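# An overview of the molecular structure
What follows is each chain in one-letter form.
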Amino acid sequence: MDFAWSDEQNGFRAQIREFLEDAWPEEVRSADRLSRRAPEHEGAIRRFKDMVAERGWYSIGWPEEYGGTGDLTAVERFILSDEASRVGAPLSLYNVNIMGPLIIKHGSPWMKSELLPRIRDGEIDFTLGFTEPETGSDLANLSTAAYRDGDEYVINGSKMYGRPGPGDIMYLAVRTDPDAPLRDGISLLFVEHGREGFTVASMPTLDGGEVGATFYDDVRVPADHLLGVENRGWDYVREALDLDRTSGIPYGHMPLMRDNLIAFIKETKVDGRPLSEDPWVRDRLAQLVIDQEAGDVLQGMTASKIATGMKLRTESSVLKIFMTELERRMGEFGTEIAGPLGSLEPASGEAPLDGQIWATHKFNVAITIAGGSSEIQRNIIALQGLGLPRD
């Protein structure tokens, strides 16, 4: 079996890299993940999104009738996401990889006519509204509810971790049939930021950023804001999470961290000898490099299956566990070889790898939970992949 990318796919990757060199300014690229959100970068981010939209890359893999690129598939969509995350470019991965395909497949006429053009033009962002204060990864037990009132749905409840900005849209899982079995009474609604009764609060995170909590007090949305069929939301949730775990979470920065770790052990000396000459350092790093190469194969394989329309079973869970826990191991290795300096923040000016070790440790805590915790992924693999009993 040949795991290599085709000449056409390698050519597309080279095209993306050349574009990013020109379109994603160095002053923003070199900033850490949090500093990129500063107000002075808003203009550069808007210009970048416009340039992506001009090339039709927000709609890669879509049917041509919705403005798709025709000859490009979900594999190219993965390559685009991978390269953008490598340099921290604001590509709205959730839009490119998840929301567009879901709306094309299950969306109402309003979604296809109003939302798809705005996704295609890079003018809109979606925020995931699944997790609740009392449910965590047990999504089927969600309690945020909605009921049909004429041509509208009325929503009450709250969600954690999503913080939509003005003009953004919540992709909201709600219970529409309280008497049905847990997974049979869930629906998915789109809720625009700014609707009456919809409020947003912010909470600080370990890495110095912010997440949000959203609250719904008799929030009304039109009935055509329902994705697909009422009470069939669990099927769409699973489909969205499969796409999220394979391409919604950015992994493209990991080869860069690998290269930075290699450079660090070559340049850093202990007792007059480079760390690269220490057998345990070489052994640990070699294993990380092997794992990272294996992760690349897993990502490519999964993207290829999506591109050919194959239904994913446990592949997305395997990939999500493997990549997020590999990132954790990279961070731990970085801390061991950098010592106390590895805990310095990027703003200190003294942090090894420009603070990448610190950022990896802090951010990875969230990534091993977001999209379904590692424990949940192992349960999925055991039950659905290996057929093990639930008890």
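## Digging into the packing of helix α8 (residues 254-267) against helix α9 (residues 279-307)
- Two elements in contact, α8 and α9, have axes separated by 11 Å at closest approach and are oriented at 165 degrees. In terms of axis orientation, α8 runs roughly antiparallel to α9. Between α8 and α9 the crossing geometry is left-handed. On α9, the residues that touch Pro255, Arg258, Leu261, Ile262 and Ile265 of α8 are Val281, Leu285, Val289, Gln292 and Glu293.
- Classifying every residue of the contact of α8 with α9 by side-chain character gives seven nonpolar, one polar and two charged.

## What about the packing of helix α1 (residues 7-23) against helix α4 (residues 74-86)?
- Running from N to C, α1 and α4 cross one another at 35 degrees; their axes reach a closest spacing of 10 Å. With respect to the hand of their crossing, α1 and α4 are arranged in right-handed fashion. Where α1 approaches α4, its residues Gln9, Phe12, Arg13, Ile16, Arg17 and Leu20 are matched on the opposing element by Val75, Glu76, Phe78, Ile79, Leu80, Asp82, Glu83, Ala84 and Arg86.
- Considering only residue class, the contact of α1 with α4 consists of eight nonpolar, one polar and six charged.

## A short note on the packing of aromatic side chains
- Counted by the stated rule, this structure contains nine aromatic pairs.
- By the ring-pair criterion, three or more aromatic residues cluster together here, those being Phe12, Phe19, Trp24, Phe48 and Trp57.

## Looking at helix α10 (residues 315-338)
- An ideal rise of 1.5 Å per residue puts 34 Å on 24 residues; α10 measures up with 34 Å between its terminal C-alpha atoms.
- Most of α10 is tucked away: 17 of the 24 residues are buried.
- Looking one or two residues past α10, Gly339 carries a phi angle of roughly 70 degrees, positive in sign.

## A closer look at the nonpolar core
- Of all hydrophobic cores here, the largest spans 31 residues; its most connected members are Leu115, Phe126, Tyr171 and Phe190.
- Of all the elements in the fold, those that place two or more residues in this core are α5 (93-106), α6 (109-120), β4 (169-175), β5 (186-192) and α7 (233-248).
- The biggest single contributor to this core is α5, with six residues.
- Here Leu115 is in contact with Ile103, Trp110, Ile124, Phe126, Ile169 and Phe190, once residues within four sequence places are set aside.
- Membership of the second largest hydrophobic core comes to 25 residues, among which are Trp24, Val28, Ala44 and Phe48.

## Some remarks on a positive patch on the surface
- A contiguous patch of positive charge, built from Arg183, Arg238, Lys311 and Arg390, is present on the exposed surface.
- The topology assignment puts Arg183 in the loop between β4 and β5.

## Notes on the side chain of Thr127
- Tracing the backbone shows Thr127 in strand β1 (residues 126-129).
- Setting aside its immediate chain neighbours within four residues, Thr127 contacts Gly162, Arg163, Pro164, Ile169, Met170 and Tyr171.

## Here we look at the confidence of the model for the chain
- The predicted model of the chain averages 84 in pLDDT, with 93% of residues at 70 or higher.
- Predicted confidence in the chain is weakest over α7, with a mean pLDDT of 74, and strongest over strand β2 (residues 145-149), with 96.

## A closer look at the pattern of salt bridges
- Taken as a whole and assessed by the stated rule, the structure comprises 21 salt bridges.
- The salt bridge involving Arg120 is made with Asp121; its shortest N-O contact spans 3.9 Å.
- Note on Asp121: relative accessible area 29%, which makes it partly exposed.
- Linking Glu277 and Arg273 is a salt bridge whose minimum nitrogen-to-oxygen distance equals 3.5 Å.
- Residues joined by salt bridges that share partners form a network here, namely Arg13, Arg17, Asp82, Glu83 and Arg86.

## Re unusual backbone geometry
- The phi torsion at Asp218 lies on the positive side, around 55 degrees, for a residue other than glycine.
- Among the residues examined, Asp218 registers a relative accessible area of 46% and is labelled partly exposed.
- The backbone phi angle of Asn231 is positive, close to 70 degrees, even though this residue is not glycine.

## Structural notes on the pairing of strand β3 (residues 152-161)
- Note that β2 and β3 share five bridges and pair antiparallel. Across the sheet, residue Ala145 finds its bridge partner in β3, namely Asn156.
- In the sheet, β3 pairs with strand β7 (residues 210-222) via ten bridges, with the strands oriented antiparallel. For Tyr161, the partnering residue across the bridge sits in β7 and is Gly212.

Definitions and limits used
- Residues numbered from 1 in each chain as written.
- Predicted model: local features only at pLDDT ≥ 70, side-chain atom pairs only at ≥ 80, totals over all residues.
- Heavy atoms only, no water.
- Axes fitted to C-alpha atoms, helices over the stretch in contact; angles between N-to-C directions.
- Helix = DSSP H or I, 4+ residues; strand = E, 2+ residues; numbered from the N terminus.
- Parallel < 35°, antiparallel > 145°, perpendicular 65-115°, else oblique.
- Left-handed = near helix turned anticlockwise from the far one by under 90°.
- Contact = heavy atoms within 4.5 Å.
- Nonpolar A, V, L, I, M, F, W, Y, C, P; charged D, E, K, R; others polar.
- Phe/Tyr/Trp six-rings, centres within 6.5 Å; stacked < 30°, edge-to-face > 60°.
- Expected span 1.5 Å × (residues − 1).
- Buried < 20%, exposed > 50% of the residue type's maximum accessible area, 1.4 Å probe, protein only.
- Core = buried A, V, L, I, M, F, W, Y, C linked by side-chain atoms within 4.5 Å.
- Patch = residues over 30% accessible without salt bridge, like charges linked within 9 Å, V, L, I, M, F, W, Y side chains within 5 Å.
- Areas by Shrake-Rupley, 256 points an atom, 1.4 Å probe, with all protein chains shown as cover.
- Salt bridge = Lys/Arg side-chain N within 4 Å of Asp/Glu carboxyl O.
- Lys, Arg positive; Asp, Glu negative; His and termini not counted.
- Charge placed at Lys NZ, Arg CZ, Asp CG, Glu CD.
- pLDDT = per-residue confidence, 0-100.
- Pairing = 2+ DSSP bridges.

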